[in-house]
Amino acid sequence: MLHILWLIIKCILILLGILVVLFLLALALVLFCPLCYQGKAQKDSSKTAVYGKLTWLFCAISLEISYKNREGSAFTVRLLGIPADKWKAYFGKLHPRKKKSSLPSDREELSPAEKTGIEFREDTQTKDSGKKKETAWKHDGPSSSDNEKRRWGLTEKIKGVFSKIKHSLLSGWRALKRFLKAARSLCEKTQQLKEFLKDERTRSAIQLIWKNLRRLLRQIWPRKITGYVHFGLENPAATGQLLGLLGVTCPIHKNKISVFPDFEREIFEGELYARGRIYGVVLAAIAWELYRNRDLRTVIQKMRKG
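Okay, so let's go over this structure. (Residues numbered from 1 in each chain as written. Predicted model: local features only at pLDDT ≥ 70, side-chain atom pairs only at ≥ 80, totals over all residues. Heavy atoms only, no water.)

**Focus: the overall build of the chain**
Next, step 1: The helix and strand tally for the chain stands at 10 helices and eight strands.
Next, step 2: Considering the chain as a whole, with its 306 residues, one finds that 11% of them fall into the buried category.
Next, step 3: Considering only intrachain contacts with a sequence separation of at least 6, the fraction spanning at least 24 residues in the chain is 60%.
Next, step 4: As displayed, the chain has an accessible area near 26,400 Å², and 63% of this comes from carbon and sulfur atoms. (Helix = DSSP H or I, 4+ residues; strand = E, 2+ residues; numbered from the N terminus. Buried < 20%, exposed > 50% of the residue type's maximum accessible area, 1.4 Å probe, protein only. Contact = heavy atoms within 4.5 Å. Areas by Shrake-Rupley, 256 points an atom, 1.4 Å probe, with all protein chains shown as cover.)

**Re the packing of aromatic side chains**
Next, step 1: Counting across every chain of the model gives one aromatic pair.
Next, step 2: Arranged with centres 6.0 Å apart and planes meeting at 35°, the rings of tryptophan 288 and tyrosine 291 form a pair that is tilted. Note that tryptophan 288 and tyrosine 291 are positioned in helix α9 (residues 280-291) at a spacing of three residues, about one turn of the helix. Each member of the pair, tryptophan 288 as well as tyrosine 291, is classed as exposed. (Phe/Tyr/Trp six-rings, centres within 6.5 Å; stacked < 30°, edge-to-face > 60°.)

**Comments concerning helix α10 (residues 294-305)**
Next, step 1: Relative to the 16 Å expected for 12 residues at 1.5 Å per residue, α10 spans 17 Å between its end C-alpha atoms, a close match to the ideal helical length.
Next, step 2: Measuring from the backbone nitrogen of aspartate 295 back to the side-chain oxygen at the start of α10 gives 3.2 Å, which picks out asparagine 293 as the cap. (Expected span 1.5 Å × (residues − 1). Polar contact = N/O pair within 3.5 Å; in protein donor to acceptor, adjacent residues only side chain to side chain.)

**Some words on the pairing of strand β3 (residues 61-68)**
Next, step 1: Inspection of the sheet shows strand β2 (residues 48-56) paired to β3 by eight bridges, in the antiparallel sense. The partner of tryptophan 56 across the bridge, within β3, is isoleucine 61.
Next, step 2: In the sheet, β3 pairs with strand β4 (residues 72-79) via eight bridges, with the strands oriented antiparallel. Paired with leucine 63 across the bridge in β4 is valine 77. (Pairing = 2+ DSSP bridges.)

**Comments concerning the pattern of salt bridges**
Next, step 1: Taken as a whole, this structure holds eight salt bridges when the rule is applied.
Next, step 2: The closest approach of N and O atoms between glutamate 271 and lysine 40, which form a salt bridge, is 3.6 Å. In this pair, glutamate 271 sits in strand β8 (residues 267-278) while lysine 40 sits in strand β1 (residues 35-43), placing the two residues 231 residues apart along the sequence.
Next, step 3: Under the relative-accessibility criterion, glutamate 271 is labelled partly exposed at 26%.
Next, step 4: Of the residues examined, lysine 40 reaches a relative accessible area of 37% and is grouped as partly exposed.
Next, step 5: Between aspartate 199 and lysine 302 there is a salt bridge, and its shortest N-O distance comes to 3.0 Å. Of this pair, aspartate 199 sits in the loop between α5 (154-198) and α6 (200-220) while lysine 302 is found in helix α10, placing the two residues 103 residues apart along the sequence.
Next, step 6: Looking at lysine 302, the relative accessible area reads 40%, which means it is partly exposed.
Next, step 7: Here the salt bridges do not stand alone but share partners, grouping Lys53, Glu64 and Arg78 into one network. (Salt bridge = Lys/Arg side-chain N within 4 Å of Asp/Glu carboxyl O.)

This is the structure:
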């Protein structure tokens, strides 16, 4: 009896060990297997093309997106290098679905006129009654309007003018009160925002977010950038100004993108290629550092409370 119980416990422990190993393996793949990306854009006088690709798990899973101005956009998912449509077709052949036999119905459907005959009759009756009411109103209308115009006197006109003036003054006073209330609330909110930004915990939380944001940008920034830009505007002075603006971006791409200005004609051509990778362990570390920071949590709680 004890031997059988020991075998059962041993099997359970082996299964638990296998599950733990599989979980650790999946966690290691998520954290240490990078998500690689690459993109390419091309523009010239004849075509415009954009291509992007995401790969994970050593190119076992890939996602491709492409666009061309003549062919349109395309979207492809690949598993082990094989498109997902082929996998779907293959498994569809292994497990074909049974088609349901369509039995003829013995009941005959009625025509819409037969189904809604009563509704049509009611509509005609209502239309006839409506026409009668309209004709009666047309006969009675002019006499009643003439009587009302005759009864209308000078005193009622004066009352109407005074009521309009009173209404306009009240509406203006209400609008002024609303404006003053909104201005007062805006001043209070700006004062609260100043006090909120002057708080030490808020400053430390902002510094932490800025530091991790720069860390995240360094992580997702492309490792390789190449390309060229050939441009020219209608005004040569505008071309020179744009060349100066593009010169500011040299520290970002480290002179990997060549710039060719054209001061004689209006043109825009170019090509750009970028490639990089993102590690899950860096993202997890950033998320953990933000989560365990007390100052950031207190700031979030204050923002929720308003």
